[in-house]
Amino acid sequence: MKPNIHKDKRAWWLSHEAFLTLQELAHQQGLQTAAFLEVISRELALQQLSEEQRGRIKAEAERIAAERETSLS
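The shown structure was predicted, so the numbers you read here are calculated from the model rather than taken from an experiment.

Calculation criteria
- Residues numbered from 1 in each chain as written.
- Predicted model: local features only at pLDDT ≥ 70, side-chain atom pairs only at ≥ 80, totals over all residues.
- Heavy atoms only, no water.
- Helix = DSSP H or I, 4+ residues; strand = E, 2+ residues; numbered from the N terminus.
- Buried < 20%, exposed > 50% of the residue type's maximum accessible area, 1.4 Å probe, protein only.
- 1 Å grid on protein atoms, 1.4 Å probe; cavity = no way out; pocket = protein on both sides within 12 Å on 5 of 7 lines; lining within 4 Å.
- Points joined across faces, edges and corners; volume = space filled by probe spheres on them.
- Nonpolar A, V, L, I, M, F, W, Y, C, P; charged D, E, K, R; others polar.
- Contact = heavy atoms within 4.5 Å.
- Axes fitted to C-alpha atoms, helices over the stretch in contact; angles between N-to-C directions.
- Parallel < 35°, antiparallel > 145°, perpendicular 65-115°, else oblique.

A. Here's a closer look at the overall build of the chain. For the chain, the count of helices and strands is 3 helices and 2 strands. Along the chain, helices (α) and strands (β) appear in the sequence β-β-α-α-α when read from the amino end. In the chain, buried positions account for 10% of the 73 residues.

Laid out in structure tokens, this is it:
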């Protein structure tokens with residue numbers, strides 16, 4: 001099955017079906033969609049990425065957050 005996604009910088013544009021599926025799964029767990037994505041991405045990372053890979057990702061995320069904070073102040 002061909003994925004129906006488009007990438008724009010750091011944003012991903014999902015198909016309506018994919019988004020609605022994620023939204024329904026989140027709702028079943030009593031979470032907002034963004035919070036659900038946070039949970040499942042962390043669970044997958046623990047299962048499939050090395051500690052080193054997770055460390056690099058966390059460092060890059062902290063760098064991006066600091067950069068955004070600096071640009072907003």
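B. Focus on the layout of surface pockets. When its volume is computed, the largest pocket comes out at roughly 680 Å³. Contributing to the lining of the largest pocket are 14 residues, with Glu38, Ser41, Arg42, Ile57 and Ala61 lying nearest its centre. For the lining of the largest pocket, the elements supplying multiple residues, two or more each, are helix H2 (33–48) and helix H3 (51–72). The class makeup of the residues in the lining of the largest pocket is 7 nonpolar, 1 polar and 6 charged.

C. Structural view of the side chain of Thr33. Along the chain, Thr33 turns up in helix H2. Of the residues examined, Thr33 reaches a relative accessible area of 16% and is grouped as buried. Excluding residues within four positions of it along the chain, Thr33 makes contact with Phe19, Leu22, Gln23 and Ala26.

D. Broad picture of the packing of helix H1 (residues 16–28) against H2. Viewed as axis vectors pointing N to C, H1 and H2 meet at an angle of 85°, and their least axial separation amounts to 9 Å. Between H1 and H2, the angle falls in the class roughly perpendicular. In this structure, H1 contributes Phe19, Leu22, Gln23, Leu25 and Ala26 to the contact, and H2 contributes Thr33, Phe36, Leu37 and Ile40. Here the residues of the contact of H1 with H2 sort into 7 nonpolar, 2 polar and no charged.

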